[in-house]
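# A look at the structure
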Amino acid sequence: MNRRNRRDRTKSPQSVFAVLLFLVAAIGFAQQPTNVPSVAPAGIPRDLARFRAQQLKDVRYQLSYTITPKADFISGHEELRFVQNPDDRGILPEWLDFREGQISSLTVNDQPASTEIQNGHVELPAKLLKLDENVVVIDFKAPVAPAGKAITRFEDKDDGSEYIYTLFVPMDADMAFPCFDQPDLKAKFKLSVTGPADWNVISNTSPQSRETAGAKAPDLLKTSYGPAKARALIRTSVGENLSQTQTLSGEQSRMGKTIFAETQPIPTYLFAFAAGPFQKIHDTPGLPGLYVRKSKLQKAEAEAEAVQQITADGIKYLSDYFAQPFPFPKYDMVMIPGFAYGGMEHAGATFLREESILFRTAPTHSDRLNRDILLLHELTHQWFGDLVTMRWFDDLWLKEGFAQYMAYHALNALKPNENVWKRFYQAIKPAAYAIDSTQGTTPIYQDIPNLKDAKSAYGAIVYSKAPGVIKQLAFVTGEDHFRDGLRLYLKEHAYSNAEWNDLVKALEGVSKKPLGTWADAWIKRRGMPQVDVAWSCGVKGELTSTRIALSQKDVLDEGGLWPIATKVLVNYGKTATETRVEWNTAKTEFITGKGGECPRYVFANYQDEAYGRFLLDPVSRKVVMAELGSMNDVFERTLLWGSLWDSVRVAEMDPREYIELALKNLPTEQDESLAQSIIGRTITALHRYVSPETRTQLAPKMETLAADQMLQSPSQDMRITWFRALRGVAETEKARGQLKDMLSGKLTVPGVELRPLDRWNIVEALVAQNDPDAPAILAAEEKRDPSGDGRKYAYMAAAARPDAATKKQYFDEYLHDSTRPEDWIELSLGSFNWWNQSDLTLPYLGPALDALPQVKRERKIFFMLAWLNAFIGGQQSAAAQKQVHDFLNSATLDKDLRLKILEVVDELDRTVKIRETYK
Ligand SMILES: [Zn+2]
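Just so we're clear, the structure is a prediction, and the values are computed from it rather than from any experiment. (Residues numbered from 1 in each chain as written. Predicted model: local features only at pLDDT ≥ 70, side-chain atom pairs only at ≥ 80, totals over all residues. Heavy atoms only, no water.)

## A few points about the overall build of the chain
Each helix and strand in the chain was counted, giving 30 helices and 28 strands. At 28 Å, the chain has a C-alpha radius of gyration in line with the 29 Å of a compact globule built from 919 residues. The principal-axis extent of the C-alpha atoms belonging to the chain is close to 100 × 70 × 60 Å. The buried share of the chain, reckoned over its 919 residues, is 64%. A separation of at least 24 residues holds for 75% of the contacts in the chain among residues at least 6 apart in sequence. Carbon together with sulfur atoms contributes 51% to the accessible area of the chain, which is approximately 32,700 Å² in total. (Helix = DSSP H or I, 4+ residues; strand = E, 2+ residues; numbered from the N terminus. Rg over C-alpha atoms; globule rule 2.2 N^0.38 Å. Buried < 20%, exposed > 50% of the residue type's maximum accessible area, 1.4 Å probe, protein only. Contact = heavy atoms within 4.5 Å. Areas by Shrake-Rupley, 256 points an atom, 1.4 Å probe, with all protein chains shown as cover.)

## Some words on the side chain of Asp771
Position of Asp771 relative to the elements: it lies in the loop between helix 20 (756–768) and helix 21 (774–784). Classification of Asp771 by relative accessible area gives buried; the value is 1%. Looking at Asp771, its side chain comes within polar contact range of the main-chain nitrogen of Asp773, at 2.9 Å. Discounting residues that sit within four places of it in the chain, Asp771 has contacts with Arg736, Lys740 and Leu766. (Polar contact = N/O pair within 3.5 Å; in protein donor to acceptor, adjacent residues only side chain to side chain.)

## A look at the environment of Thr806
Residue placement: Thr806 occurs in helix 23 (residues 804–816). Sequence spacing of Thr806 and Glu123 is 683 residues, and the spatial spacing of their C-alpha atoms is 48 Å. If we skip the residues at most four places from it in the chain, Thr806 touches Ala798, Ala799 and Arg801.

## Some remarks on the pattern of salt bridges
Taken as a whole, this structure holds 62 salt bridges when the rule is applied. Salt-bridge contacts for Asp156 lead to Arg293; the nearest nitrogen and oxygen are separated by 3.0 Å. With Asp156 in the loop between strand 8 (151–155) and strand 9 (162–166) and Arg293 in strand 16 (residues 289–293), this pair connects stretches of sequence that are 137 residues apart. A residue is classified by how much of its surface remains accessible, and Asp156, at 1% relative accessible area, is buried. The exposure class of Arg293 is buried, given its relative accessible area of 2%. The salt bridge involving Arg621 is made with Glu652; its shortest N-O contact spans 3.6 Å. Of the two residues, Arg621 is situated in helix 13 (residues 618–627) and Glu652 in the loop between helix 14 (634–649) and helix 15 (655–665); the sequence distance between them amounts to 31 residues. Taking the relative accessible area as the measure of exposure, Arg621 reaches 15% and is therefore buried. Take Glu652: its relative accessible area is 43%, and that puts it in the partly exposed class. A single network of salt bridges, built from pairs that share partners, joins Asp156, Arg293, Lys296, Glu354, Arg360 and Asp789. (Salt bridge = Lys/Arg side-chain N within 4 Å of Asp/Glu carboxyl O.)

In structure tokens, the structure reads:
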């Protein structure tokens with residue numbers, strides 16, 4: 001899966017971290033017999049999962065769902081088959097996982113059993129089980145809701161249609177059907193879904209058959225057949241249990257039943273279906289299937305081919321690279337509005353966030369490439385995650401790290417002129433370094449004793465550090481060995497499960513390089529090194545030593561040393577050298593190829609092969625700042641800008657200096673993604689790091705630059721980029737006036753038609769800046785755009801109103817209104833916590849922290865971080881900082897929550913320190 005592509009926002013970066021105990025390696029655990037808990041455990045403890053993995057095999061689910069439109073539940077009939085392995089202790093009882101639903105009947109091998117749900121589990125008593133195949137038959141109901149459940153209902157406000165979809169990762173399959181909900185009990189699924197006849201159902205395999213009752217259900221029920229006969233008709237036609245037809249009540253129209261082919265062995269979290277009046281678009285032989293809701297059909301048609309083509313190219317590339325054909329019988333992609341993540345890689349049926357595919361704002365070239373990355377990320381998972389699945393969520397990085405890394409790897413091969421590794425650096429490394437320098441960071445391998453805590457494992461460590469470290473690994477082993485190791489790993493564990501040490505073994509096998517020490521430092525230990533360079537020249541312009549020194553220190557001061565392999569760039573003006581240096585000690589030295597000649601500057605992570613904080617020494621920094629604008633190598637330029645920003649964040653460089661450097665160089669910066677990152681950081685520095693007086697001096701200069709470039713830049717991508725910058729920075733009356741002129745059509749970005757979300761983002765900024773016309777503008781925009789999306793964006797924009805009543809109303813809804821879709825809330829969190837409204841939002845900092853257990857329980861994976869980043873990130877003061885640390889010191893918190901707070905408060909700590917240092 002993938003974090004969502006967030007809308008363009010110029011909020012501060014986040015970060016985080018803290019103490020994580022080093023993990024007990026789970027290796028060797030499997031050999032010891034484990035016991036089934038005698039009472040129903042909370043969540044799914046790893047011990048229970050280990051026990052079941054030893055006990056059970058050949059698991060198969062036959063599931064039949066009946067969907068009743070608008071109902072708050074879905075009815076299900078399940079036949080679960082499994083074999084219990086022989087055990088010295090005789091036949092043992094089993095716990096089946098099932099939360100928040102109801103069971104109306106349950107039989108085990110034809111014997112009735114208790115339907116009682118205890119703490120999210122149902123007992124299968126030992127006396128009813130046998131050693132060969134067991135058959136458990138269950139009739140149940142599972143909850144369906146707009147938010148907070150495994151089965152989500154989306155109501156399309158544009159045409160009144162309804163859509164139902166599942167999202168189980170990491171631990172919610174047991175909210176949709178009774179199951180053994182753990183990744184290492186792979187099972188074959190056979191699904192059938194009965195629902196309105198005009199609905200399409202998409203699942204992991206293709207439909208085997210589709211049947212529709214011959215007449216409208218109400219007619220059947222009332223007239224020619226009568227209810228009993230109507231049921232009989234459908235039962236005959238589909239050959240299944242009576243319970244399938246029980247919801248065919250009078251108000252429904254025609255019902256259809258879709259029966260899918262059985263899947264290959266897949267884990268519960270990768271089983272999925274989506275149902276509703278989805279339309280298949282641009283249905284073309286050789287291209288994967290693509291579905292969209294019917295109200296977006298026209299818009300989707302314009303984007304379909306690009307989406308399908310990069311996916312088809314990706315399938316070909318990855319099949320060759322992995323030496324494994326596409327692992328499942330078909331591949332579809334389904335766009336889901338308001339989907340909680342950018343995408344989710346269900347085997348054979350990836351679900352994508354509609355907003356990440358059909359751009360809501362005028363897109364730039366980088367936006368299109370980021371969409372390619374999302375598509376290739378989900379596609380890579382079909383091998384990494386779906387074909388070979390991690391044994392437990394402690395190895396989440398195995399699938400996420402590789403999907404992220406391989407997405408860039410594939411794009412680099414498919415679009416070689418896009419400077420993809422520069423983009424990798426920009427998209428991946430800052431987030432990784434931000435988290436890895438906080439007290440909330442964790443090792444890549446994260447101990448997860450209970451599946452209920454697995455959500456917390458998602459974040460920058462698996463999505464950013466893991467791919468960053470994997471890039472370093474490929475540099476260490478060499479590209480060919482790296483590829484051959486992956487091939488071996490996938491071949492050995494196909495349709496099964498594996499752990500990270502299996503991968504290390506495969507890579508050691510092909511590269512003949514011992515990697516144990518490397519893996520211990522990078523995978524099992526938290527944190528990262530800061531690498532410093534030392535050199536000096538004499539009066540005659542020669543190096544005083546012929547060697548350049550490199551040293552590493554643990555950013556968190558925990559005494560860690562890492563094996564590092566890097567390319568050091570030594571620049572001499574007209575010439576430069578690159579030297580590969582590998583070391584694992586505190587210090588090392590190397591000789592440059594140019595003997596004793598005095599360098600102009602040295603940068604120790606050329607081409608971003610290594611992982612760590614690489615700051616410039618004072619001499620190099622001065623030269624780089626003077627010459628940045630004239631450096632031709634855009635990758636190098638990007639890395640150096642990144643290093644300067646790192647210096648700002650460690651309070652070694654005045655943020656004012658950074659802003660002034662940006663104002664000087666941005667007018668000639670023509671690389672879109674680099675300009676975007678410099679602009680974003682400049683606005684962060686303005687809003688968070690400098691004093692209000694400095695901001696008042698410098699923000700108008702940034703406004704003017706943005707407005708000029710928006711109108712005059714020769715590149716459309718740059719004009720869009722500068723339009724976004726203007727919206728992000730505008731605070732003076734003049735700049736707000738320009739934004740208002742854009743809404744009214746008096747001012748346009750040449751060649752660019754603003755899309756609805758562009759307009760809403762302007763409205764939001766005007767509301768947040770308390771522009772006197774904002775209330776009227778908001779009301780007018782609501783009238784202009786009454787679409788379903790429009791209502792959501794109006795909700796977002798109104799959250800930025802700078803008044804206490806608005807904040808109170810929104811905060812109450814966040815915690816108590818279960819009908820508000822989660823993506824509406826998530827979208828509004830940043831508006832609520834606008835950077836200039838800290839006084840208004842500070843009263844909610846405490847309640848937001850108090851609500852964390854509820855947030856963890858009820859919300860999808862990334863919501864927690866969005867919540868913390870919004871409420872803590874909206875603050876800049878020492879008083880707010882103290883409040884968060886007092887909370888950490890006094891509250892009784894789950895360890896994962898404590899780490900998340902430590903991760904996020906780091907940015908506030910830095911803000912306070914930077915402001916204090918450069919008053
Ligand atoms: Zn993923």
